[in-house]
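Geometric and topological summary
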Amino acid sequence: MRTVLLTAVFTALALPAFAALKIASALNTIEYTPELIASKDYFSGTVSITNGGVANIVSDTSIDLAANAETQALRQFANHKNLRIIYTVAEVYYRLVAAKKSGISALADLKGKKIGSFPGTSAAYFVERLLTSAGLKNTDYTVVSGNICSGAPCGAGTFPYMLQHGTVDAVGMWEPSVQLAIDALGKENVVIFQNRTVYREVFNLHSTAEKLQDASKRKEIVGFLQALIKAEQKFVQDPASVYPRVSAAVNVDTTVLEEVWPVHGWNTGTLPDDLLDVLVAEDQWVARTDRRTAMARDTLANLIDGSVLKEALAT
Ligand SMILES: *[C@@H]1O[C@H](CO)[C@@H](O)[C@H](O)[C@H]1NC(C)=O
């Protein structure tokens, strides 16, 4: 009996206070960087962040957390009902930049034009929402795919290059591709459209029902969420202090970062009140894109689990 007890004590002592958390996140996006600062400055455990997103957490059980836009969460939730949104890291007010030389001064002028965006992503959904708000149908314009750019000079095949060379008339994307397109053409030669009522990206942190049911894993996740909130307070209150590391992490010049910072609404402890409404509306589009039936509101309600954030804020 005594031996068994001692063995148990030694085993417990041998374990670190926090085991390692594994996160999947797209390492070339500005939205991911609060996770990086949180893991370095505010979290006592070990974190490894691998390139990816929600597609990874649903297929690889070694991953504890994943970050992505709401669009990819809907795509994966359709077949993986254990996926959970636990926190909104950022709300990003996507922009569409159009070339004046293409004869564009209002959104309705995009009729018959070519728009650079990523099909099937939050960017393409943003473009459709924005143009629908101006009375255009998705058959009224053409979406052309391209590559993102992190810094000037943006090479052939990137969205800023395509706009500059007239391959497209406009670009609707996440940052900094839009900012670099504005810079490439010159502010005086473009029109910028942005309407956060019509669309803003809701960039979330996810886990799975299984991870959240595991008491010790859940404790680590709560700890990481607390660290993430602290990191984001820094992003809001003293952005200059994180620019050098954010810049190095995503390879974006600090001058460009400074310009696109206001496009990003960093969250410091909330899930948006309208998150379920956003998911219900957007799933109509994701379902059409993925050729499946849209999910019911009751089903989509299970994608959101606000209990982890509540614990993080309470302790
Ligand atoms: C944004 O969109 C809403 C809803 O369509 C509209 O009422 C509002 O006027 C738009 N704002 C701007 C600045 O265009």
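Residues numbered from 1 in each chain as written. Predicted model: local features only at pLDDT ≥ 70, side-chain atom pairs only at ≥ 80, totals over all residues. Heavy atoms only, no water.

The name given to the protein in an unreviewed UniProt entry is SsuA/THI5-like domain-containing protein, with Diplogelasinospora grovesii as the source organism.

Turning our eyes to something else, we now look at the nonpolar core. The biggest cluster of nonpolar side chains holds 104 residues, and the ones touching the most others in it are Tyr87, Leu96, Leu110, Leu205, Phe224 and Trp261. Examining the composition of this core, we find that nine residues originate from one element, helix H9 (residues 215–237), more than from any other. Setting aside anything within four residues of it in sequence, one finds Leu110 in contact with Leu96, Ile104, Ile115, Leu131, Leu136, Asp140, Tyr141 and Ala170. (Core = buried A, V, L, I, M, F, W, Y, C linked by side-chain atoms within 4.5 Å. Buried < 20%, exposed > 50% of the residue type's maximum accessible area, 1.4 Å probe, protein only. Helix = DSSP H or I, 4+ residues; strand = E, 2+ residues; numbered from the N terminus. Contact = heavy atoms within 4.5 Å.)

By way of backbone hydrogen bonds, the strands of a sheet pair with one another, either parallel or antiparallel. One open sheet holds the six strands; their spatial order is E2-E1-E3-E10-E4-E11, and the pairing between them is mixed. If you trace the sheet from one side to the other, it starts and ends with strand E2 (46–51) and strand E11 (264–266), each paired once. The average angle at which neighbouring strand axes cross in this sheet is 30 degrees, direction not considered. Where strand E4 (residues 83–92) meets E11, three bridges bridge the pair, whose relative direction is antiparallel. If you follow Ala90 over to E11, its bridge partner there is Trp266. In this fold H9 packs onto strand E1 (20–25), E2, strand E3 (65–69), E4, strand E10 (201–208) and E11, with an angle of close to 5 degrees to the strand it touches most, E4. (Pairing = 2+ DSSP bridges. Axes fitted to C-alpha atoms, helices over the stretch in contact; angles between N-to-C directions.)

It is worth spelling out the pattern of salt bridges at this point. Taken as a whole and judged by the stated rule, the model has twelve salt bridges. Between Asp41 and Arg245 there is a salt bridge; the shortest N-O distance is 2.7 Å. Of this pair, Asp41 sits in helix H2 (residues 33–42) while Arg245 sits in helix H10 (residues 243–250); the two residues are 204 residues apart in sequence, bridging distant segments of the chain. With a relative accessible area of 35%, Arg245 lands in the partly exposed category. Arg288 is paired through a salt bridge with Glu128; the nearest N and O atoms lie 2.7 Å apart. Here Glu128 lies in helix H5 (residues 122–132) and Arg288 lies in helix H12 (residues 275–289), a separation of 160 residues in the sequence. Salt bridges sharing partners connect three or more residues here, namely Asp64, Lys211, Lys217 and Glu220. (Salt bridge = Lys/Arg side-chain N within 4 Å of Asp/Glu carboxyl O.)

This part is about the side chain of Thr88. Looking at where Thr88 falls in the secondary structure, it is placed in strand E4. Accessibility expressed as a relative area gives 0% for Thr88, which makes it buried. There is a polar contact of 2.7 Å between the side chain of Thr88 and the side chain of Asn204. Apart from residues lying up to four places away in sequence, Thr88 is in contact with Val202, Phe203, Asn204, Asn267, Thr270, Leu271, Pro272 and Leu275. (Polar contact = N/O pair within 3.5 Å; in protein donor to acceptor, adjacent residues only side chain to side chain.)

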